[in-house]
Amino acid sequence: MLFGARFSSCRDYFLPQDISNVDYFICPIKNGKIEDAFFSSDKFKEYNEISGKFIISAEDKKGIDLYVVEFCNGVFSKPERLAINSSGNEINGSFNNDGTKIFFASDRKGGYGGYDIYESELIGKNKWCEPKNLGPAVNTSADDICPYILKDNLTLYFSSKGHQSSDNFDIYVAIMDDDGNWGEPEKLGEPINSDKDDLYYRMSPDETRAVYYTIGDSGEGIYELVFY
């Protein structure tokens, strides 16, 4: 599992609420259990067989943009800025299963309001097409963020303050029909969605497990779901 977290050191404590920096971690999972957690600055020599690309969001004076980072030979590469970024903010990027599409959220001009979800398709080596808004079935006048597409390329999970939600983010799932149109999003039930923000729903490659982030009554953090 790869994830980012913001921490600051204060005496003997680490404070996750500090937003000045994001550190990236890798957590090896064996037999369904997390073995350890390593900072992105560490060298993971014992995990040289693990490789892959993922997308991060990074902020500078001009706003928030998407970058690609590669994990190979036990180290993280230097982030490369994606050309699909706009003058607005781009966040929550994720690849589809074969890396030919990127789904992300943006508050760029021309959307339905707040953050909308977009997709871009690979059209050449490191070249991506102009991002396409997923349309009013998925996007609302509120914020719609954290997209994640399953390996069938038809099932989209995302978080929204619109649809059947108010004030807080809830996790939804939408299915694409045979004509390429997104169906009405369905809000996931309890105990996944709470009366507070629920975000970043992700599934394992074999789709037997999922993780998501919540600040609900059971405690803020990353939670795991196991499907039987």
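In case you missed it, the structure is sitting above this.
What counts, and at which threshold
Residues numbered from 1 in each chain as written. Predicted model: local features only at pLDDT ≥ 70, side-chain atom pairs only at ≥ 80, totals over all residues. Heavy atoms only, no water. Helix = DSSP H or I, 4+ residues; strand = E, 2+ residues; numbered from the N terminus. Buried < 20%, exposed > 50% of the residue type's maximum accessible area, 1.4 Å probe, protein only. Polar contact = N/O pair within 3.5 Å; in protein donor to acceptor, adjacent residues only side chain to side chain. Contact = heavy atoms within 4.5 Å. Salt bridge = Lys/Arg side-chain N within 4 Å of Asp/Glu carboxyl O.

Asks: I'd like a rundown of the side chain of N92, residues and numbers included.
Replies: Among the structural elements, N92 can be located in strand β12 (residues 90-95). Using a relative accessible area of 10% as the deciding quantity, one classes N92 as buried. Of the polar contacts made by the side chain of N92, one reaches the side chain of Y200; its length is 3.4 Å. Sequence-distant contacts of N92, defined by excluding residues within four places in its chain, comprise S57, L66, F103, F104, A105, I145, C146, P147 and Y200.

Asks: Tell me about the pattern of salt bridges, and name the residues and values.
Replies: Oppositely charged side chains are able to pair whenever their charged atoms sit close together. Applying the stated criterion to the full structure yields 5 salt bridges. A salt bridge links D65 to R81; the shortest N-O distance between them is 3.0 Å. Here D65, found in strand β9 (residues 63-72), pairs with R81, found in strand β11 (residues 80-81); they are 16 residues apart in sequence, far enough to count as distant. Judged by its relative accessible area of 8%, D65 falls in the buried class. The salt bridge partner of D170 is K187, with a shortest N-O separation of 3.3 Å. With a gap of 17 residues between them, D170 in strand β19 (residues 170-175) and K187 in strand β20 (residues 186-187) connect regions that are remote in the sequence. A relative accessible area of 5% places D170 in the buried class. Taking the relative accessible area as the measure of exposure, K187 reaches 31% and is therefore partly exposed.

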